[in-house]
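# Coordinate inspection notes
Each chain, letter by letter, is given below.
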Amino acid sequence: MKLVLLGPPGAGKGTQSVRLAQHFAIPQISTGDILRKAVKDKTKLGSLAKKYMDSGTLVPDEVVIGIIRERIIEPDCKNGYILDGFPRTIAQAEALDEMLERIGTQVDHVVNISVGDKEIIKRLAGRRTCISCGAGYHILFDPPKQEGVCDRCGGKLIQRDDDKEETIRARLKVYQQQTEPLIAYYKGKHLLHSIPGEGNMEEIFSAILEALGEKSPKAGS
Ligand code: AP5
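The structure reproduced in this document is the subject of the present report. (Residues numbered from 1 in each chain as written. Predicted model: local features only at pLDDT ≥ 70, side-chain atom pairs only at ≥ 80, totals over all residues. Heavy atoms only, no water.)

### Structural notes on the sheet that holds strand β3 (residues 81-84)
Selection rule: The rule for pairing is simple: two strands pair if DSSP sees at least two bridges between them. For the purposes of this entry, the term helix denotes a DSSP run of H or I that reaches at least four residues, the term strand denotes a run of E that reaches at least two, and both are numbered from the N terminus. Whenever a helix is involved, its axis is fitted only over the stretch in contact; in every case the axis is a line through C-alpha atoms, and angles between N-to-C directions fall within 0 to 180 degrees.
Spatial ordering of the open sheet is given by β2-β3-β1-β4-β8, a layout of five strands whose pairing is parallel. In the strand order of this sheet, the two ends are held by β2 (28-30) and β8 (192-196), each with one partner. Strand-to-strand twist across the sheet, computed as the mean angle between neighbouring axes with direction ignored, equals 20°. Of the strand pairs in this sheet, β2 and β3 are connected by three bridges, and their pairing is parallel. Bridge assignment links Ile29 to a residue of β3, and that residue is Leu83.

### Digging into the site of the ligand
Rules: One heavy atom within 4 Å of a molecule or strand is enough for the residue carrying it to be called near that molecule or strand. For the purposes of these results, a polar contact is taken to be a pair of N or O atoms within 3.5 Å, where, inside protein, one atom must be able to donate a hydrogen and its partner to accept one; residues adjacent in sequence count only when each atom of the pair is a side-chain atom. Each accessible area is a Shrake-Rupley result for a 1.4 Å probe, and residues are judged covered by the shown protein chains and nothing else. All residues other than Ala, Val, Leu, Ile, Met, Phe, Trp, Tyr, Cys, Pro, Asp, Glu, Lys and Arg, Gly among them, are scored as polar; the first ten of these are nonpolar and the last four charged.
As a structural note, the neighbourhood of the ligand is formed by 34 residues, with Thr15, Thr57, Arg88, Arg127 and Arg171 the closest of them. Take Arg36: an N or O atom from its side chain is 2.9 Å from an oxygen atom of the ligand. Contacts to the ligand include Thr57, whose backbone N or O atom sits 2.6 Å from an oxygen atom. When isolated, the ligand has an accessible area of 1,000 Å², and the protein chains bury 95% of it. Mapped onto the shell around the ligand, the elements with two or more residues apiece are α1 (13-24), α2 (31-40), α6 (117-125), β6 (136-138) and α9 (201-211). Among the residues forming the shell around the ligand, the class breakdown is 14 nonpolar, twelve polar and eight charged.

### As for the nonpolar core
Selection criterion: Throughout, nonpolar core names a set of buried Ala, Val, Leu, Ile, Met, Phe, Trp, Tyr and Cys residues whose side chains join them through atoms within 4.5 Å. Using a 1.4 Å probe on the protein chains alone, a residue whose accessible area is under 20% of its type maximum counts as buried, one over 50% counts as exposed, and one in between counts as partly exposed. We call two residues in contact whenever any of their non-hydrogen atoms come within 4.5 Å of each other.
Counting residues in each nonpolar core, the largest one holds 31 residues, and the members touching the most others are Leu6, Ile68, Leu83, Leu96, Val110 and Tyr186. Mapped by element, the contributors of at least two residues to this core are β1 (2-6), α3 (44-55), α4 (61-71), β3, α5 (90-102) and α8 (181-188). With sequence-adjacent residues up to four places away left out, Val110 is seen in contact with Leu3, Val4, Leu6, Tyr186, Leu191, Leu192 and His193. Formed by 22 residues, the second largest nonpolar core is a distinct cluster that contains Ile82, Val115, Leu124 and Ile204.

### Here's the deal with the side chain of Arg127
Tracing the backbone shows Arg127 in strand β5 (residues 127-130). A polar atom in the side chain of Arg127 sits 2.9 Å from the side chain of Asp163. If near-sequence neighbours (up to four positions away) are discounted, Arg127 is found in contact with Tyr137, His138, Ile158, Gln159, Arg160, Asp163 and Arg171.

### Topic: the pattern of salt bridges
Defined as follows: The working definition used for a salt bridge is a side-chain nitrogen of Lys or Arg within 4 Å of a carboxyl oxygen of Asp or Glu.
Overall, the coordinates contain 14 salt bridges when judged by the stated rule. Three or more residues joined by partner-sharing salt bridges are found here, namely Arg127, Arg160, Asp162, Asp163 and Arg171.

### Re α2
What counts, and what does not: Here, the arc refers to the directions that run from the helix axis to the C-beta atoms.
Along α2, the residues classified as buried are Thr31, Gly32, Leu35 and Ala38. Axial view of α2: buried residues confined to an arc of 125°, hence all on one face. Away from its buried face, by an angle of more than 90 degrees, α2 presents the exposed residues Lys37 and Lys40. Of the residues trailing α2, Lys42 is marked for its positive phi of about 55°.

### Here we look at the state of the cysteines
Structurally, a disulfide amounts to a covalent bond that connects the sulfur atoms of two cysteines. Convention followed: When the sulfur atoms of two cysteines come within 2.5 Å, that pair is taken as a disulfide.
With the rule as written, the count across this model stands at zero disulfides. In this model Cys150 remains outside any disulfide bridge; the closest cysteine sulfur is found in Cys133, 3.7 Å from its own. A relative accessible area of 4% places Cys150 in the buried class.

Structural data, given as structure tokens:
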């Protein structure tokens with residue numbers, strides 16, 4: 001299963017990718033997570049990416065395409081993967097098609113999660129991420145058991161640098177201009193499933209599974 005998750009910042013791509021990765025036993029590949037790790041580790045890639053990420057703009061296509069090209073040939077990707085945050089431009093989508101075509105395969109499904117701007121700002125302003133293991137929380141909608149501490153590993157929970165309201169607005173603009181055209185791109189290829197992303201996280205997960213022709217865990221129990 002090669003699945004692409006589309007949606008504006010804060011739509012719940014990361015939240016749903018984690019669940020889908022577990023369900024299908026395939027890796028979640030988040031270009032945002034890969035870039036944030038590079039920034040944290042102060043690598044060459046990280047110092048290049050930082051200025052784009054801090055301003056809410058996109059890292060150049062050739063850089064992220066190179067990351068994906070190397071990542072999807074890793075052994076853990078042999079049964080498929082979930083792409084979270086890639087592609088984000090038509091050029092990235094075309095490069096992905098080309099990469100897959102060369103190895104005789106293609107994207108199986110694209111799920112577009114849609115959420116309104118007001119809800120996005122509420123979600124991103126309250127998002128907290130574990131500095132150690134990367135687990136995601138929300139101070140109101142998905143709080144940790146102990147404030148500021150990760151349930152999974154005990155790590156410190158922090159707010160992402162790009163989750164300031166001003167940067168969120170810049171990211172939304174970039175999404176509308178550069179990423180939204182992918183909806184029509186994948187609709188044209190008959191790969192698109194549109195899922196309303198407002199509501200309970202588990203219900204949204206079930207709706208995605210249903211769109212993919214899978215039995216939801218609730219229905220199966
Ligand atoms: P990236 O990390 O990909 O950020 P994004 O696309 O802006 O998406 P987010 O991670 O902000 O949101 P999400 O949809 O994953 O939402 P989440 O599940 O966390 O990219 C960051 C930057 O890296 C970019 O700006 C760019 O610079 C660069 N970059 C990355 N990929 C690139 C690419 N391909 N090309 C070029 N540059 C690239 O949910 C958000 C919050 O809401 C959480 O707190 C969660 O708990 C909560 N929540 C989730 N679902 C629900 C729900 N149903 N109800 C209530 N709360 C919910």
